[in-house]
Amino acid sequence: MPEVGGSKGLTVSGDPFLSTVDRVCAWLDSAPEKVDALSGSERSRVLGEVADINTAAAAGDMGALYAQQYLLDRIYQLYTKIPRRQTAEGSVVVYEIARLLETATAAAQDRLIEPGLLEDAPTEPREYLTWLKNTARGHRVYKHPYYHEFIRNTATHSDLRNYVMQESVVDGRFDDLLAMMQVGTAGAAKMEIAANFWDEMGNGDHEQVHTHLFNKIYEVFEISEDELARSLTATSLLNGNLAVMLCRHRTLYPEAVGFLGMTEWMAPDRFVQVVHAWERLGLPEVGIVYHKLHITIDSQHAQGWFHNVVLPAAESADMRRAIARGILWRLNSSAAYLDERMPSVAA
């Protein structure tokens, strides 16, 4: 994995992909009008270079995939973090670059969906919901050996430390994802998302806010913000970027329903294995509160999500297809991420 050169961008050693990423990242700390004042030739050249990154990533170049997802993550930070200085939020050029990256990322996920699978979904809402769950249970990511064998039985202190850093892209900001996706919703769906969000907010108790509890894990492992940014892999960044993409864009709301719903449905079983490993290693109790809490809460959230968000939406053929698409994006991207984490692959 390329080394991230601090907050300024990537350390470049003759890699044209990383050189492009580093240059664009430097623009992100400039005023939007300054970025948009670039000459037409410079603008076209950079857009062409981003397209080249996308082409290489689609062909299986993992370095290009890292560059693609790292750059998209950095652009998303314009919209998901309160800035400490001037940023390029609102830049037309940055928006064009983001759309190129998003379009390529979405196309890559769609290519992983088995042809005809989305068309096979039942039309009756309850049968459709059963089909969704059975599809997930039949996917190779379900009961993945990374959790059920490696994490549970053999993961070391260092392994768990790396695990929580990679998980930060979704677990560490689930409240913000819910806040983004609920915009424009109404009725039972909005109330379910709101109830879920309020649980994430610790039901009004700051000490029980779930992101606060998740950050306790960083304290146990002494993980700094800089180390966290440097440690994320391409597949970790991909999972985080998919979540932001789907929750941010209103046209992708149904995909977000599927993606986040599947995230919560799979979490309890996975977190049971993490708790077992944590206790096996005798790590401080304060760091596992988040996972213990979500074993119960996410089971409840998943059921509420399926019945109050998915079922009403499943009356629509377009919504059924899009929700299933989001679920398959989550299953497939999670499988790639967990495959990469397995010791035999990492070695």
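In this text the structure is predicted, and so the values were computed from the model without any measurement. (Residues numbered from 1 in each chain as written. Predicted model: local features only at pLDDT ≥ 70, side-chain atom pairs only at ≥ 80, totals over all residues. Heavy atoms only, no water.)

1. Topic: helix H15 (residues 289–313)
Here is step 1: Look at H15: 34 Å from first C-alpha to last across 25 residues, which is about the 36 Å you get at 1.5 Å a residue.
Here is step 2: Of all the bends in H15, the greatest measures close to 35° and is centred on isoleucine 295. (Helix = DSSP H or I, 4+ residues; strand = E, 2+ residues; numbered from the N terminus. Expected span 1.5 Å × (residues − 1). Bend = angle between axes of the 7 residues up to and from the residue.)

2. Focus on unusual backbone geometry
Most peptide bonds take the trans form, and the phi angle of most residues other than glycine is negative.
Here is step 1: Despite not being glycine, asparagine 203 has its phi angle at roughly 50°, a positive value.
Here is step 2: As for its position among the elements, asparagine 203 is in the loop between helix H10 (187–200) and helix H11 (210–221).
Here is step 3: Here asparagine 203 falls in the partly exposed class, since its relative accessible area comes to 48%.
Here is step 4: Backbone geometry at glutamate 222 places phi at a positive 55°, although glycine is not the residue there.
Here is step 5: Inspection of the secondary structure puts glutamate 222 in the loop between H11 and helix H12 (225–231).
Here is step 6: Look at glutamate 222 and you get exposed, because its relative accessible area is 67%. (Buried < 20%, exposed > 50% of the residue type's maximum accessible area, 1.4 Å probe, protein only.)

3. What to know about the packing of aromatic side chains
Here is step 1: Applying the stated criterion across every chain yields a total of 12 aromatic pairs.
Here is step 2: Note on tyrosine 128 and tryptophan 131: the rings are 6.2 Å apart at their centroids and 25° apart in plane angle, and the pair reads as stacked. Highlighted residues: tyrosine 128 and tryptophan 131, both in helix H6 (residues 125–137), separated by 3 residues, approximately one helical turn.
Here is step 3: Ring geometry for phenylalanine 214 versus tyrosine 218: centroids 5.5 Å apart, planes at 90°, classification edge-to-face. In this pair, phenylalanine 214 and tyrosine 218 are both assigned in helix H11, 4 residues apart and thus about one turn of the helix distant.
Here is step 4: Positioned above the aromatic ring of tyrosine 79 is the side chain of arginine 248, whose terminal nitrogen or guanidinium carbon lies 3.9 Å from the ring centre. (Phe/Tyr/Trp six-rings, centres within 6.5 Å; stacked < 30°, edge-to-face > 60°. Lys NZ or Arg CZ within 6 Å of the ring centre and 35° of its normal.)

4. Comments concerning the packing of helix H4 (residues 62–80) against helix H13 (residues 234–248)
Here is step 1: Here H4 crosses H13 at 40°, and the two axes come no closer than 9 Å. Relative to H13, H4 is oriented oblique. The hand of the H4/H13 crossing is left-handed. When H4 is examined against H13, the residues Met62, Leu65, Tyr66, Gln69, Tyr70, Leu72, Asp73, Tyr76, Tyr79 and Thr80 are found in contact with a partner set consisting of Ala234, Leu237, Leu238, Asn241, Val244, Met245 and Arg248.
Here is step 2: Here the residues of the contact of H4 with H13 are counted per class, giving 12 nonpolar, 3 polar and 2 charged. (Axes fitted to C-alpha atoms, helices over the stretch in contact; angles between N-to-C directions. Parallel < 35°, antiparallel > 145°, perpendicular 65-115°, else oblique. Left-handed = near helix turned anticlockwise from the far one by under 90°. Contact = heavy atoms within 4.5 Å. Nonpolar A, V, L, I, M, F, W, Y, C, P; charged D, E, K, R; others polar.)

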